[in-house]
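# Examining the three-dimensional arrangement
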Amino acid sequence: MTASANFANVARRLRLPLGFVLGAIYLLVARPTPLLLAIGGTIAFIGVLIRGWAAGHIVKNDQLATTGPYAHTRNPLYLGSFLIAVGFAFAAHWTMLLLVGVFFAVIYGPTIQREREYVRGRYPEAYREWAAHVPLFFPRLTPWRGGSGRTHTPFSWALYFRHREWQAGLVFVLVIVWLALVAWQVVDVPTFGGMRDST
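The following refers to the structure shown. (Residues numbered from 1 in each chain as written. Predicted model: local features only at pLDDT ≥ 70, side-chain atom pairs only at ≥ 80, totals over all residues. Heavy atoms only, no water.)

Helix length check: helix α3 (residues 76-92) (17 residues) gives 24 Å between terminal C-alpha atoms against 24 Å at 1.5 Å per residue, within 8%. Of all the 17 residues making up α3, 15 are buried; the element is thus mostly covered by neighbouring parts of the structure. (Helix = DSSP H or I, 4+ residues; strand = E, 2+ residues; numbered from the N terminus. Expected span 1.5 Å × (residues − 1). Buried < 20%, exposed > 50% of the residue type's maximum accessible area, 1.4 Å probe, protein only.)

Under the criterion given, the structure shown has 17 aromatic pairs. A centroid spacing of 5.1 Å and a plane angle of 80 degrees characterise the contact between Phe82 and Phe104, whose relative ring orientation is edge-to-face. Taken together, the residues span a long stretch of sequence, with Phe82 in helix α3 and Phe104 in helix α4 (residues 96-122) at a distance of 22 residues. For Phe104, a relative accessible area of 10% gives the class buried. (Phe/Tyr/Trp six-rings, centres within 6.5 Å; stacked < 30°, edge-to-face > 60°.)

Let us now look at the nonpolar core. Within the largest apolar cluster, 28 residues are counted, with the highest numbers of intra-cluster contacts made by Tyr26, Phe82, Phe88 and Leu179. For this core, the leading source of residues is α3, giving 10 residues. The residues touching Phe82, leaving out its near neighbours within four places in the chain, are Val100, Phe104, Phe137 and Phe138. Counting 11 residues, the second largest nonpolar core, distinct from the first, contains Ala54, Leu77, Val134 and Trp144. (Core = buried A, V, L, I, M, F, W, Y, C linked by side-chain atoms within 4.5 Å. Contact = heavy atoms within 4.5 Å.)

Within the secondary structure layout, Val134 lies in the loop between α5 (124-133) and α6 (157-162). For Val134, a relative accessible area of 1% corresponds to the buried category. Separated by 62 residues in sequence, Val134 and His72 place their C-alpha atoms 6.0 Å apart.

Moving on: unusual backbone geometry. The backbone of Arg164 shows a phi angle near 55 degrees, a positive value even though the residue is not glycine. With respect to the helices and strands, the residue Arg164 is situated in the loop between α6 and α7 (166-183). Although it is not a glycine, Gln185 adopts a positive phi angle of roughly 55 degrees. Relative to the helices and strands, Gln185 is located in the segment after α7.

Interpretation note: all reported values are geometric properties and have no functional meaning in isolation.
Next comes the structure, spelled out in structure tokens:
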């Protein structure tokens, strides 16, 4: 196994634990203003919607998902997670966007690469055509409607709940409520490491 493959394995195992640790630290130090929370919360909510949309279209290890958000980007789940992180980072302080960028490049980059190799090996012909028209991460504006033998797969609430994507929505609501309480100073929290924007 190559060094890059080893690192991809380590990154895949660390992304959730690191995400939880950074999330907990974030909740302790974030001091959003109402304006920043409104803007950042909107961006994060778009990410939640994209993840939910993607979860209702993907059937893991069964078929290649190329409809719904997968007609815009090959990684809508990661794009949604990225927007959630960007939104919450922006709500706290714009400098936290740098941390989000580094985290995704170092941790999620190798994970996306490894998953791309797996999917390409599993569906070589379909993936080659899909990859030729649909970007890896940042989405195209219009959906790709081509594909040999490709049929439209409608959104499925059963898949959404099977993938437990509702948990991302619940976490979003809880974090927004906490940040709103902090922003409007309803709760009294320590000021150490506070990141309230002075503008």
